[in-house]
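What follows is each chain in one-letter form.
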Amino acid sequence: PKQRLELLQKALARDPQDALALERLMNLVDAAGAEGNAARSLLSDALAKGNFPATVHLILGTSAAARGDWDEARRHLEQAQGQMPNAPVVPNNLAVVLSSADPPELDRALQLADAAAKMWPEHPAVRETRGGILARLKRWKEALVDLEKALQAFPDRPALHERIAEVYDGLGDAELA
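Below you will find a few notes about this structure.

Definitions and limits used
Residues numbered from 1 in each chain as written. Predicted model: local features only at pLDDT ≥ 70, side-chain atom pairs only at ≥ 80, totals over all residues. Heavy atoms only, no water. Helix = DSSP H or I, 4+ residues; strand = E, 2+ residues; numbered from the N terminus. Rg over C-alpha atoms; globule rule 2.2 N^0.38 Å. Buried < 20%, exposed > 50% of the residue type's maximum accessible area, 1.4 Å probe, protein only. Polar contact = N/O pair within 3.5 Å; in protein donor to acceptor, adjacent residues only side chain to side chain. Contact = heavy atoms within 4.5 Å. Phe/Tyr/Trp six-rings, centres within 6.5 Å; stacked < 30°, edge-to-face > 60°. Lys NZ or Arg CZ within 6 Å of the ring centre and 35° of its normal. Axes fitted to C-alpha atoms, helices over the stretch in contact; angles between N-to-C directions. Parallel < 35°, antiparallel > 145°, perpendicular 65-115°, else oblique. Left-handed = near helix turned anticlockwise from the far one by under 90°. Nonpolar A, V, L, I, M, F, W, Y, C, P; charged D, E, K, R; others polar. Core = buried A, V, L, I, M, F, W, Y, C linked by side-chain atoms within 4.5 Å. Salt bridge = Lys/Arg side-chain N within 4 Å of Asp/Glu carboxyl O.

## Quick word on the overall build of the protein
Within the protein one finds 10 helices and 0 strands. Radius of gyration (C-alpha) of the protein: 17 Å, near the 16 Å computed for a compact globule of 177 residues. The C-alpha extent of the protein, read off along each of the three principal axes, is 55 × 30 × 30 Å. Expressed as a percentage of the 177 residues in the protein, the buried residues total 42%.

In structure tokens:
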């Protein structure tokens with residue numbers, strides 16, 4: 001993991017928003033067992049040394065969100081948001097965290113999802129995030145537009161189908177729900 005992390009850090013030094021490098025780093029951090037623990041430890045060390053703080057906060061925040069640790073996720077993603085204001089993945093992931101927290105912060109989550117959608121208007125994950133938040137706010141028609149766009153890219157996601165069914169129910173269309 002240490003060698004892989006060093007190579008990924010070099011790639012991210014050249015381009016902090018390199019999607020492939022970020023994805024590989026996430027996979028390393030999310031690995032089970034000793035490899036994942038080692039990667040998280042190395043990232044924490046890198047953060048303490050001031051190496052790639054925005055990227056490290058993004059990775060650790062997203063990883064914490066995947067584990068359902070909303071407080072840690074929020075802490076890291078808020079830091080990443082302040083340091084990477086033009087990276088749409090950051091407000092999108094922070095919007096997911098804020099809408100999943102207890103209690104949810106749906107108004108702020110929607111503001112962040114809107115910002116991500118302005119930067120990445122056709123990205124299906126952003127559409128899914130924004131549509132989910134709009135559905136929770138019972139803004140059914142707006143939610144349906146985003147969720148149906150997301151469904152084109154993610155046709156096999158049961159949670160997405162459930163959310164769309166909820167929207168159709170909210171629109172009064174029991175048959176489609």
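And the narrative resumes.
## Observations concerning the environment of Leu 60
As for its position among the elements, Leu 60 is in helix 4 (residues 53-66). Assessed through its relative accessible area of 4%, Leu 60 is described here as buried. Measuring from C-alpha to C-alpha, the distance between Leu 60 and Ser 44 comes to 8.5 Å, with 16 residues separating the pair along the chain.

## Some thoughts on the side chain of Thr 129
As for its position among the elements, Thr 129 is in helix 8 (residues 124-136). Assessed through its relative accessible area of 11%, Thr 129 is described here as buried. Within the local environment of Thr 129, its side chain forms a polar contact with the side chain of Asn 92, the two groups lying 3.0 Å apart. Residue contacts for Thr 129: discarding those within four places in its chain leaves Asn 92, Ala 95, Val 96 and Ala 113.

## Structural notes on the packing of aromatic side chains
The full count for this structure, using the stated rule, is 0 aromatic pairs. Over the face of the ring belonging to Phe 154 we find Arg 157, whose NZ or CZ atom lies 3.6 Å from the ring centre.

## Some details on the packing of helix 6 (residues 89-100) against helix 7 (residues 106-119)
Their axes nearest at 8 Å, the elements helix 6 and helix 7 cross at an angle of 160°. In this view, helix 6 runs roughly antiparallel relative to helix 7, as classed from their interaxial angle. Along this stretch, helix 6 crosses helix 7, giving a crossing that reads as left-handed. Between helix 6 and helix 7, the contacting residues are Pro 91, Asn 92, Leu 94, Ala 95, Leu 98 and Ser 99 on the first element and Leu 106, Arg 108, Ala 109, Leu 112, Ala 113, Ala 116 and Met 119 on the second. The residue makeup of the contact of helix 6 with helix 7, split by class, is 10 nonpolar, 2 polar and 1 charged.

## Brief notes about the nonpolar core
Counting residues in hydrophobic clusters, the biggest one holds 47 residues, and the most contacted among them are Leu 25, Leu 43, Leu 58, Ile 59, Ile 133 and Val 167. With 7 residues, helix 4 is the largest single contributor of residues to this core.

## So, the pattern of salt bridges
By the definition in use, this model includes 12 salt bridges. Across the pair Glu 105 and Arg 74 runs a salt bridge, and its minimum N-O distance is 2.4 Å. Here the residue Glu 105 occupies a position in the loop between helix 6 and helix 7, and Arg 74 occupies one in helix 5 (residues 70-83), the gap between them amounting to 31 residues. Residue Arg 74 is classed as partly exposed on the basis of its relative accessible area, which comes to 28%. Of the charged contacts in the structure, one is a salt bridge between Glu 78 and Arg 108, with a shortest N-O distance of 2.7 Å. Pair noted here: Glu 78 is in helix 5 and Arg 108 is in helix 7, with a separation of 30 residues, a long-range link. Judged by relative accessible area, Glu 78 falls into the partly exposed class, the value being 25%. Among the residues examined, Arg 108 registers a relative accessible area of 28% and is labelled partly exposed. One salt-bridge network, held together by shared partners, links Asp 114, Glu 122, Arg 127, Arg 130, Asp 146 and Lys 149.

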